[in-house]
Each structure stands twice: as C-alpha cells, then as structure tokens.
Amino acid sequence: MTEQNEKFDLTELKKDSQEIDELFERFPAPEPSPALVDDIKRRIYSKKQRIGIPALILKTASVAAVLLFAWFFVFDDTNTKKPVASISESSNSVFAQADESISEFEKDIELLRSEFLSVCLNEDSSGSLMSDSVTTLESEIIETDYSFWKG
C-alpha cells in the first residue's frame, strides 16, 4: 500500500458525505417538467424497440459463418479423390454411405434453414444452438469490456 492509502481516514469521508447531503437539502433542485419526463420515457422506449447495429452485424456474421462452415464441410469431400476399388464394391459402398450422409446433411440443412429464418425475422429462438452461442459471445464481450476498464 502507498502512503496515501495508509493515511486514508473513513470518518473524513463520512463527514464530507454528510455535508454534501446537507447542501442538497438546503438547496433543492427544481423538479423536471412532466413533458421532459415523458420525452425521456418515450426515448427510452423507442431505443428498446430498435435493433442495434452491433447486434445486427453479430447476427449476420454468425449466419454467414455457419453457412461457410456448412459449405466447406459439404463440398470438402467432393474435392478429395479416393482410390476406386472394384466397380461392384464401390457402387455398393457409395450408395450405402450416401444414404446415411444425405440424411445427416438434410437434418443439418434444415436446422441451418430454421436458424437463418429466425435470425432474418428477428425472432427469439431461445432454445436454439445459434442463440446460445450468440448469448455466450455477448456475455464474453461484456465481461472483457468490464475487465478491460478494471485494469
């Protein structure tokens, strides 16, 4: 601790606080006009209705990232060349694997489509994977912001 912190007196702080309270009691500020209070309430309510630019950018970026990852994983297998076995083996194994992977891809595409529509329509899909990741990201950004100013 520094010398200033060691000499800090709490009673002096309490005394200053009481003096400030007494000054406020002796010289009260005039009440704001009802029109001003209504205007402030209207502004607060209108700000709640708007979608913020950072939220819109975050939603758009997350949808774009999901689509890019899906595109990458879907078409990554088509570019890689695998050695061809005999014609009968390859035809049987290719068709068997295609049915399983297609059903998985159809499920993933349907999930992405529903997430994309909910983001486009600005719906609250609180139980979805996308909203959970966005909420987690927002909380991490807020935590980083607060911890940055704390030093």
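Every chain begins its residue count from 1, and numbering advances along the sequence as written. Thresholds applied to this predicted model are a pLDDT of at least 70 for local features of residues and 80 or more for the giving and counting of side-chain atom pairs; totals over whole chains, interfaces and linings are not thresholded and use all residues. Excluding hydrogens and water, the side-chain figures rest on all heavy atoms present in the structure.

**What to know about the overall build of the chain**
A helix here means a DSSP run of H or I that spans at least four residues, while a strand means a run of E at least two residues long, and both kinds are numbered starting from the N terminus. In terms of regular secondary structure, the chain is built from six helices and zero strands. A total of 151 residues make up the chain; the buried ones form 7% of that total. Residue burial considers only the protein chains on display, and all accessible areas are found by Shrake-Rupley using a 1.4 Å probe. On the chain, roughly 13800 Å² of surface is accessible, and the fraction owed to carbon and sulfur atoms is 62%. Type-normalised accessible area, obtained with a 1.4 Å probe on protein chains alone, sets the label of each residue: buried when under 20%, exposed when over 50%, and partly exposed for intermediate values.

**Some details on the pattern of salt bridges**
Think of a salt bridge as a Lys or Arg side-chain nitrogen and an Asp or Glu carboxyl oxygen that are within 4 Å of each other. For the structure shown, the criterion picks out three salt bridges. As a salt-bridge pair, R42 and D39 come within 2.4 Å of each other at their nearest N and O atoms. Residue R42 and its partner D39 are both found in helix α3 (residues 34-49); the two are separated by three residues, about one turn of the helix. The partner of R113 in a salt bridge is E110, with the nearest N and O atoms 3.2 Å apart. Of the two residues, R113 and E110 both sit in helix α5 (residues 87-120), three residues apart, roughly one turn of that helix. Assessed through its relative accessible area of 43%, E110 is described here as partly exposed. Each member of the salt-bridge network shares a partner with another, and the members are D39, R42 and R43.

**Some details on the environment of S114**
In this fold, S114 is placed in helix α5. Given a relative accessible area of 37%, S114 falls into the partly exposed group. Polar contacts involving the side chain of S114 include one to the main-chain carbonyl oxygen of L111, which spans 2.8 Å. Polar contacts, as counted here, are pairs of nitrogen or oxygen atoms within 3.5 Å of one another; within protein the pair requires one atom able to donate a hydrogen and one able to accept it, and residues that are adjacent in sequence qualify only if both atoms are side-chain atoms.

**With respect to the confidence of the model for the chain**
Per-residue confidence for the chain gives a mean pLDDT of 75; residues scoring 70 or more make up 65%. For every residue, the predictor assigns a confidence score, pLDDT, that lies between 0 and 100. Averaged over each element, pLDDT in the chain is lowest for helix α1 (residues 3-6) (56) and highest for helix α2 (residues 10-26) (91).

**Things to note about a nonpolar patch on the surface**
Each patch is built from residues that are more than 30% exposed by relative accessible area and take part in no salt bridge. Like charges join if they lie within 9 Å; nonpolar side chains (Val, Leu, Ile, Met, Phe, Trp, Tyr) join within 5 Å. On the surface, a cluster of nonpolar side chains totalling about 380 Å² of accessible area is made up of L67, F116, L117 and L121. Among the secondary structure elements, L121 is positioned in the loop between α5 and α6 (129-150).

**Things to note about the side chain of S62**
Its place among the elements puts S62 in helix α4 (residues 53-79). One polar contact links the side chain of S62 to the main-chain carbonyl oxygen of K59, over a distance of 2.8 Å.

**Focus on the environment of S139**
Inspection of the secondary structure puts S139 in helix α6. Among the polar contacts listed, one links the side chain of S139 to the backbone oxygen of T136, at a separation of 2.7 Å.

**Let's talk about a negative patch on the surface**
Working convention for charge: Lys and Arg count positive, Asp and Glu count negative, and His plus the chain ends are omitted. The location of each charge is read from NZ of Lys, CZ of Arg, CG of Asp or CD of Glu. Taken together, the side chains of D9, E12, D16, E19, D21, E22 and E25 present a region of like negative charge at the surface. Looking at where D9 falls in the secondary structure, it is placed in the loop between α1 and α2.

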